[in-house]
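Architecture at a glance
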Amino acid sequence: TIVDTTISGNSAGFNGGGLSTFGAGPGSVTSIQRSTISGNSAYRGGGIYDDGAPSRTLTIVNSTISGNSAVIPPGSGFTTGGAGGGLFASRPTSLINVTIANNSADGGTGGALWIDPVGTGGPGGNQGSATVVNTIVQGTAGGTCGGAVANITATGPNLSNDAGCNFSLVAD
């Protein structure tokens, strides 16, 4: 559990510039509350890279994910852009009262949020999903949401600056 914390100014060559949950065991719950994840970078999940055992979950409440970027690492040989500038989700994720703003996926998609359509289990297995409640999602380079956006369940008032997240309220 991460509470009242700022994770800022970090980078990773591949996954999770600010935070990576990779390797979290079965049944584990990662919780982020009243925290800020900002100014981090990685190829996938500039702010947060969420992956682990199929039965684990991530819950983010009353927090801000901003100014993070998914970038192609120099010398990596990658030919496609990064994904999930703010958050890369490969497991069930809940976003409650969260602001995801000013993140980017340079040359990629899901500037704010990427829902992994494949997951570590290969095609059809362990796909990412998100339940979004009272959340603002604003993207820059790479748009707002990408990947398996059909796996986003939006309840309550949510706001996005484009139609990428399938929210009912889209505004500039």
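All values derive from a computational prediction rather than experimental measurement.

The next thing to look at is the overall build of the protein chain. Helices and strands together make up the secondary structure of the protein chain, namely 0 helices and 19 strands. Since a compact globule built from 172 residues should have a radius of gyration of about 16 Å, the 14 Å found for the protein chain is in line with a globular shape. Taking the principal axes of its C-alpha atoms as reference, the protein chain extends roughly 40 × 35 × 35 Å. A burial count over the protein chain gives 47% of its 172 residues as buried. For the protein chain, the accessible area works out to roughly 6,800 Å², and carbon and sulfur atoms hold 54% of it. With 4 positive and 7 negative side-chain charges, the protein chain shows a spacing of 11 Å between the two charge centroids.

Moving on, we come to unusual backbone geometry. We note that arginine 34 has phi near 45°; this positive angle belongs to a residue other than glycine. If you trace the backbone, arginine 34 turns up in the loop between strand S4 (29-33) and strand S5 (36-38). By relative accessible area, arginine 34 is classed as partly exposed at 46%. Of note, the phi angle at asparagine 102 is positive, near 60°, even though the residue is not glycine. With respect to the helices, strands and loops of the structure, asparagine 102 is situated in strand S13 (residues 99-105).

This part is about the nonpolar core. Among the nonpolar cores identified, the biggest contains 26 residues, and Ile48, Ile60, Leu95 and Ile152 are the most heavily contacted of them. For this core, the secondary structure elements donating two or more residues are strand S8 (57-61), strand S11 (87-89), strand S14 (113-115) and strand S15 (129-133). Those residues within four positions of isoleucine 48 in sequence are excluded, and the remaining contacts are Leu19, Ile32, Ile37, Leu58, Ile60, Ile65, Gly86, Leu87 and Phe88.

Let's shift gears to the sheet that holds strand S1 (residues 2-3). Overall, parallel pairing links the 6 strands, which are arranged S1-S4-S8-S12-S15-S18 in an open sheet. Each end of this open sheet is capped by a strand with a single partner; those strands are S1 and strand S18 (152-155). In this structure, S1 lies alongside S4, joined through 2 bridges in parallel fashion. Following the sheet pairing, isoleucine 2 is matched in S4 by isoleucine 32.

On to the packing of aromatic side chains, then. Per the counting criterion, the structure on display carries 5 aromatic pairs. With centroids separated by 6.4 Å and ring planes inclined at 25°, the aromatic side chains of phenylalanine 88 and tryptophan 114 adopt a geometry described as stacked. Of this pair, phenylalanine 88 sits in strand S11 while tryptophan 114 sits in strand S14, and the two are 26 residues apart along the sequence. Each member of the pair phenylalanine 88 and tryptophan 114 is classed as buried. Site record: aromatic cluster; members linked through ring pairs are Phe14, Tyr43 and Phe78.

Looking now at the side chain of serine 63. When you line up the elements, serine 63 lands in the loop between S8 and strand S9 (64-66). In terms of polar contacts, serine 63 uses its side chain to reach the backbone amide nitrogen of arginine 34, at 3.2 Å. Within the local environment of serine 63, its side chain forms a polar contact with the backbone nitrogen of serine 35, the two atoms lying 3.0 Å apart. The residues contacting serine 63, other than those within four sequence positions of it, are Ile32, Gln33, Arg34, Ser35, Asn97, Val98 and Thr99.

We now examine the state of the cysteines. Following the criterion strictly, the structure yields 1 disulfide and no others. One disulfide in the model links cysteine 145 with cysteine 165; its S-S distance is 1.9 Å. Judged by the torsion about the S-S bond (75°), the cysteine 145/cysteine 165 disulfide is right-handed. Here cysteine 145, found in strand S17 (residues 145-147), pairs with cysteine 165, found in the segment after strand S19 (159-160); they are 20 residues apart in sequence, far enough to count as distant. Judged by relative accessible area, cysteine 145 falls into the buried class, the value being 11%.

Cut-off values and rules
- Per-chain numbering applies: the sequence of each chain, read as written, is numbered from 1 onward.
- In view of the model being predicted, local features appear only for residues whose pLDDT reaches at least 70, and side-chain atom pairs are presented and counted only at 80 or more, with totals across whole chains, interfaces and linings using the full set of residues.
- Side-chain metrics rest on all non-hydrogen atoms present in the structure, leaving aside hydrogens and water.
- Under the DSSP-based scheme used, a helix requires at least four consecutive residues in state H or I and a strand at least two consecutive residues in state E, with every element numbered from the N terminus.
- Note on method: radius of gyration uses C-alpha positions; expected globular size equals 2.2 Å times residues raised to 0.38.
- A simple rule labels every residue: compare its accessible area, found with a 1.4 Å probe on the protein chains alone, to the largest value its type can have, and call it buried under 20%, exposed over 50%, or partly exposed in between.
- Here the open area of atoms and residues is found with the Shrake-Rupley method and a 1.4 Å probe, where only the protein chains shown may cover a residue.
- Neither His nor the chain ends contribute to the count of charged residues, in which Lys and Arg are positive and Asp and Glu negative.
- Where a charge sits is defined by one atom per residue type, namely NZ (Lys), CZ (Arg), CG (Asp) or CD (Glu).
- Residues enter a nonpolar core if they are buried and are Ala, Val, Leu, Ile, Met, Phe, Trp, Tyr or Cys, with the set joined through side-chain atoms within 4.5 Å.
- Here a residue-residue contact requires only that any non-hydrogen atoms of the pair lie within 4.5 Å.
- Here the rule is simple: two strands pair whenever DSSP picks up at least two bridges between them.
- Each pair of aromatic rings taken from Phe, Tyr and Trp, with Trp reduced to its six-membered ring, is defined by centres within 6.5 Å and is described as stacked if the planes are under 30 degrees apart, edge-to-face if over 60, and tilted in the remaining cases.
- Side-chain atoms alone can form a polar contact between residues adjacent in sequence; in general such a contact is a pair of N or O atoms within 3.5 Å, and within protein one must be able to donate a hydrogen while the other accepts it.
- By definition, disulfides here are pairs of cysteine sulfur atoms that lie within 2.5 Å.

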